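Examination of the molecular architecture
So you can see what is in the structure, the chains are spelled out below.
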Amino acid sequence: MQEGSMEYQWSTSHAYGGNIHYIEELYEQFLVDPNSVPEQWRDYFNTLPRPEGAPAQDQPLTPVREHFSQLARQPRQHTAVVSTDNAQEKKQVRVLQLINAYRFRGHQRADIDPLNLMAREPVPDLDPAFHQLDQSDFDTEFQTGSLFLGKERATLREIYEAISQTYTSTTGAEFMHIVDTEEKRWLQQRFESVRSKPNYSEEVRKHLLERLTAAEGLENYLASKYPGTKRFGLEGGESYIPMMDEIIQRSGGYGIKEIVIGMAHRGRLNTLVNILGKSPAELFDEFDGKKMIDHGSGDVKYHQGFSSNVMTSGGEVHLALAFNPSHLEIGSPVVEGSVRARQDRREDTKGDAVLPISIHGDAAFSGQGVVMETFQMSQTRAYKTGGTIHIVINNQVGFTTSKREDARSSEYCTDIAKMVQAPIFHVNGDDPEAVLHVTQVAIDYRMQFHKDVVIDLVCYRRRGHNEADEPSGTQPLMYSKISKHASTRKLYTQKLIDEGVISEADDKRMVDEYRDALDNGRHVANALVKEPNTGLFVDWTPYLGHEWTAHADTRFDLKRLQELAQKMCEAPEGFKLQRQVNKIYDDRKKMLAGAMPMNWGFAETMAYATLLDEGHPIRITGQDVGRGTFSHRHAVLHNNQDGSLYVPLQHLKENQPSMTIHDSFLSEEAVLAFEYGYATTTPNALVIWEAQFGDFANGAQVVIDQFISSGESKWGRLCGLTLLLPHGFEGQGPEHSSARLERFLQLCAEHNMQVCAPTTPAQIYHLLRRQVIRPLRKPLVVMSPKSLLRHKDATSTLEELADGAFQPVIPDQGKLDDGNVKRVILCGGKVYYDLMHKRTELERDDTAIIRIEQLYPFPEESLDQELRRYPNLERVVWCQEEPQNQGAWYSSQHHMRNVLGAIKPELANALKLSSRAAAAAPASGYPSVHAEQQNKLVTEAFEV
Ligand code: AMP
């Protein structure tokens, strides 16, 4: 390539390779209007192959990208392509380069920090001199290219003023990482056409001030009424309230009917009172420490959720603020799940009727891995919600950590959002009008493109981490600055007074009115609907107040069961199944005909088919659920000829309820949190999350601890979520054996959830059916099998499906003389089959084997009944495959002793254990050691 040629110029510039975007930009312009680019570029672009047909998204850029990336890989050649000898045209190129630099990097120089403390890197590209442009060029006219300036030509002065105002004032718009050309152009137009700040009417500006007055007024009120009480006040981030107000009103105008909001502590009380319309009197009661719910532990006030309806220009909108634990980011996927459930209920496939809003703190947003997982799910089939509005209340400090080099490695706390190419709008919290503008752009973007968008509200926390904390010990400079810094409201009031929009008397009146409303306990959310339309949300009353012992009739008409089973074995004409899959389906046909014993996969499928037939929707997600980790399910068929899919469960009958089954991406934490959110919003459905191996649930421990086991007690929120966790000691090593039964049992109290270990196909069938048919909504944790899926003795009959019920305790299945029985072995899970085998081998007719299929709530009554059959009982053994310190032993033995003690006091002391020895790891990695241990614990059950 020749010196002076376009390619030479780019190959030697700092932008070579890295700044292909500039050339793309020129090329885009060229495609729209060839005359709008300098002649040399036009000639050069003409040499490239033109894209065919209508330009779709990124496609027009392919030739230019390919060409330049090839150049980047090639050794420099000296071939002339285009020469630039005309000085004016060279300058034109530089002007376009300058415009582009502002689009890319303007945000790095933008005035987004109210405290002006944010460490910023120098950005030389933003200086005209960097592009060899100087004052003498400022009065020269240039083409404006793709800049939205309202004219094709303008002086460099005008251009420079426009790009500086647009990209370096109080808004720092970051969106050039987006590859979709249409989106990028849309965003450029929205910011450039108004230079990032529209001229808002007096009415709008007064409304902004009124909302800031509410935000500040509430905090001042609480500060004087409850000094020093923890409330995680919003002071320093008050612009968040007008922002939320605008999101709700504007999205209502778009036809949104429900909004689910997730947020951590800061600003929560303000949101509850000023946005959702919680009664101030109720809040004051909470500050006074009054007990607010009859059952359960309750939760602190800044974790509370709330629901209300507000009026917007598009009609009534239902708002739900999700309850959340202290774990800062885990609420986001829960919100997504709740939103998806509402969208599914409304058949809102694009996200036009239900909107998620996630509010984050800066430190957690950049620190916690679940944020990445939540972004990753945002466009996937199973989890997408049509785009989330993310708001970061950026205090520029996490508890006491504010040094950039300690808090994160990325430049902004929001950089993680770039992984899904979300646009990010950094905005100075002290400029409420800029905040309003980015809010409007964010909503419009979400409604137009149905993707995530982030608003980074850069602000500060005036009173430290919380009101009981002293921040200046660790952030002396920041807090010395904050102490002298006027509040957002004060600054904005002064501006409006200076500009003659309001008077000082107006200002005082606004403050007094808000304070009076609080004094009188009046609602202060303007648009609150006092008589809400309850049709906007689900009625939970049928599910309230049930005991776990409530009967559930899970029987099903045999003839219909056979008809459904027949449909379950069918694939469309010509649909070619892979050989092993075909065999599974052939076997199912034999099971239906009674020519083969029915296995787990068949019974589980029939649980789903019968529930769907009775009108219950089903949603199953998790790692590899379509097939099942151990290939027992194959609910999603793949055509071996063309890759098309067929789900028999979706083809039962006309207008059947929805049957959703999706393999999840390889996450546990966000995915389980999502399903918790889904299940707490959809009481009539069977919602299942299955782990690839049971111990994978470890990765979602926070969801199990803070939502699944305790959500009802803390917040009164019922949840019927089912977890299928493959569990069983089969010589597969420490990580693939245990679903950590002990952890679930340790969390059990107050009948908060059900933990079951079913051992037959009929048991899983009735257990899954019971979970939906019984109106009780409690999480169900199933220790689901691996080898039992194919065990020759773990079989059932169609009649057992049609007629039976789930048995929390399964009596001995042998033909023993009850009077002979001196020993009872109690067990759960697959060890039962080993024990049966051993009993036959040992010919022991003095030993009964009873299975406890429901470990929690412990079925004391049923066990009592079974044990009383044996009048000469002397010894009872709990046999488990797990090591002594794991499994059910420590958490369940007191239930067994209660039962035994009630029958005969000395029996309580006769309870013994046979298990693996206490161990640090759940299982051995050596199959030979496993086999030896297994044999020992099974033998000991007959001896100890
Ligand atoms: P939401 O649509 O989440 O705002 O819920 C509306 C109302 O339904 C709430 O105010 C509760 O009374 C009730 N509700 C919602 N979810 C649950 C749940 N998981 N358990 C019990 N009641 C619920």
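Residues numbered from 1 in each chain as written. Predicted model: local features only at pLDDT ≥ 70, side-chain atom pairs only at ≥ 80, totals over all residues. Heavy atoms only, no water.

Let us now look at unusual backbone geometry. A cis amide bond links Y856 with the next residue in sequence, P857, at an omega value of -15 degrees. Topologically, P857 is positioned in the loop between β22 (854-856) and α30 (860-867). Unusually for a residue other than glycine, S196 sits at a positive phi of about 65 degrees. For S196, the position within the fold is in the loop between α7 (181-192) and α8 (202-225). Classification of S196 as buried rests on a relative accessible area of 1%. Of note in this structure, N655 is not a glycine but carries a positive phi near 50 degrees. Take N655: it is sitting in the loop between β13 (645-646) and β14 (659-663). (Helix = DSSP H or I, 4+ residues; strand = E, 2+ residues; numbered from the N terminus. Buried < 20%, exposed > 50% of the residue type's maximum accessible area, 1.4 Å probe, protein only.)

Across a sheet, paired strands are connected by hydrogen bonds in the backbone, their directions being either parallel or antiparallel. Strand order in the open sheet formed by seven strands is β14-β11-β15-β16-β18-β17-β22, and the pairing between neighbours is mixed. Edge positions in the open sheet fall to β14 and β22, since each of these has one partner strand only. Here the strands of the sheet are splayed against their neighbours by 20 degrees on average, with no regard to which way each runs. (Pairing = 2+ DSSP bridges. Axes fitted to C-alpha atoms, helices over the stretch in contact; angles between N-to-C directions.)

We now examine the packing of helix α22 (residues 600-613) against helix α27 (residues 761-773). α27 packs onto α22 with a crossing angle of 20 degrees between their chain directions and a minimal axis gap of 8 Å. Taken together, α22 and α27 sit at an angle that is classed as roughly parallel. Like other packed secondary-structure pairs, α22 and α27 cross with a definite hand, here right-handed. Of α27, the residues touching α22 (which contributes W600, A603, E604, M606, A607, Y608, T610 and L611) are P761, I764, Y765, L768, R769, V772 and I773. (Parallel < 35°, antiparallel > 145°, perpendicular 65-115°, else oblique. Left-handed = near helix turned anticlockwise from the far one by under 90°. Contact = heavy atoms within 4.5 Å.)

In the structure shown here, the tally under the stated rule is 56 salt bridges. Close ionic contact of R560 with D613 constitutes a salt bridge, the shortest N to O distance being 2.7 Å. In this pair, R560 sits in helix α20 (residues 558-568) while D613 sits in helix α22, placing the two residues 53 residues apart along the sequence. According to the relative accessible area criterion, R560 is partly exposed, its value standing at 22%. The partner of E866 in a salt bridge is R869, with the nearest N and O atoms 3.0 Å apart. Its relative accessible area of 12% is what places E866 among the buried residues. One network of salt bridges, with partners in common, ties together E219, R231, E235, R463 and E467. (Salt bridge = Lys/Arg side-chain N within 4 Å of Asp/Glu carboxyl O.)

Bringing the environment of R579 into the picture now. In this structure, R579 sits in helix α21 (residues 579-593). Separated by 61 residues in the primary sequence, R579 and N640 have C-alpha atoms spaced 9.5 Å apart.

Another aspect to go through is helix α16 (residues 432-449). Over its 18 residues, α16 runs 25 Å from end to end, which matches the ideal 26 Å to within 8%, given 1.5 Å per residue. In terms of residue burial, α16 counts as a mostly covered element, since 17 of its 18 residues are buried. (Expected span 1.5 Å × (residues − 1).)

It is worth spelling out the packing of helix α9 (residues 240-253) against α16 at this point. Where α9 contacts α16, the two axes come as close as 9 Å, and the packing angle between them is 35 degrees. Of the two elements, α9 crosses α16, and the hand of that crossing is right-handed. Contacts between α9 and α16 involve M243, E246, I247, R250 and S251 from the first element and V435, L436, T439, Q440, I443 and D444 from the second. Of the residues assigned to the contact of α9 with α16, the class counts are five nonpolar, three polar and three charged. (Nonpolar A, V, L, I, M, F, W, Y, C, P; charged D, E, K, R; others polar.)

By the definition in use, this model includes 23 aromatic pairs. Measuring from ring centre to ring centre gives 5.0 Å for Y676 and F707, while their planes differ by 55 degrees; the resulting arrangement is tilted. Highlighted residues: Y676 in helix α23 (residues 669-679) and F707 in helix α24 (residues 701-708), separated in sequence by 31 residues. Accessibility assignment for this pair places Y676 and F707 in one class, buried. The structure contains a cluster of three or more aromatic residues connected by ring pairs, namely Y167, F175, F191 and F425. One cation-aromatic arrangement involves K225 over F284; the distance from NZ or CZ to the ring centre is 4.4 Å. (Phe/Tyr/Trp six-rings, centres within 6.5 Å; stacked < 30°, edge-to-face > 60°. Lys NZ or Arg CZ within 6 Å of the ring centre and 35° of its normal.)

This brings us to the side chain of H485. You can see H485 is positioned in the loop between α17 (476-484) and α18 (488-498). Within the local environment of H485, its side chain forms a polar contact with the side chain of D430, the two groups lying 2.6 Å apart. Beyond its immediate chain neighbours, meaning those up to four positions away, H485 contacts P114, L115, D430, Y460, R462 and L491. (Polar contact = N/O pair within 3.5 Å; in protein donor to acceptor, adjacent residues only side chain to side chain.)

This part covers the environment of L873. Along the polypeptide, L873 turns up in the loop between α30 and β23 (875-883). Taking relative accessible area as the criterion, L873 reaches 4% and is therefore assigned buried. Note: C-alpha distance between L873 and M478 (395 residues apart in sequence) is 74 Å. Once residues lying within four places of it in the same chain are set aside, the contact partners of L873 are V821, K822, R823, V824, L867, K904 and L907.

Our focus in this paragraph is the site of the ligand. Lining the immediate environment of the ligand, one finds S307, H318, A320, R342, F537, V538, W540, T680, G716, R717 and L718. Between the ligand and S307 there is a distance of 2.5 Å, counted from an oxygen atom to a side-chain nitrogen or oxygen. A distance of 3.0 Å separates a nitrogen atom of the ligand from a polar atom in the backbone of T680. Tallied by class, residues from the shell around the ligand come to five nonpolar, four polar and two charged. (Near = heavy atom within 4 Å.)

In this structure's numbering, the residues bearing the UniProt feature "domain: Transketolase-like pyrimidine-binding" (unreviewed entry) are residues 598-791. Between the C-alpha atoms that bound residues 598-791 there is a distance of 11 Å. The span itself is 29% helix and 16% strand. (UniProt positions renumbered as here; feature names shortened; annotations may be inferred.)

Of the positions making up α24, those classed as buried are V702, V703, I704, F707 and I708. Along its buried surface, α24 packs onto α12 (331-346), α23, α25 (711-715), β16 (722-726) and α26 (741-746).

Next up on the list: the sheet that holds strand β8 (residues 389-394). In space, the eight strands of this open sheet follow the order β3-β9-β10-β8-β7-β4-β6-β5, with mixed pairing throughout. If you trace the sheet from one side to the other, it starts and ends with β3 (171-174) and β5 (306-312), each paired once. This sheet shows a mean twist of 20 degrees between the axes of neighbouring strands, independent of strand direction. Note: β8 against strand β10 (residues 453-458), six bridges, orientation parallel. Paired with I389 across the bridge in β10 is V453.

Our focus in this paragraph is the pairing of strand β20 (residues 823-827). β20 sits mainly inside the fold: five of its five residues count as buried. Burial along β20 is two-sided: R823, I825 and C827 and V824 and L826, pointing in opposite directions, are all buried. Regarding topology, helix α29 (residues 831-842) serves as the crossover connection from β20 to the parallel strand β21 (residues 847-852), and that connection is right-handed. For β20 and β23, the ladder comprises five bridges, and the chain directions are parallel. Looking at β23, one finds that V824 is bridged to V876. (Right-handed = clockwise from strand over helix to strand, strands pointing away.)

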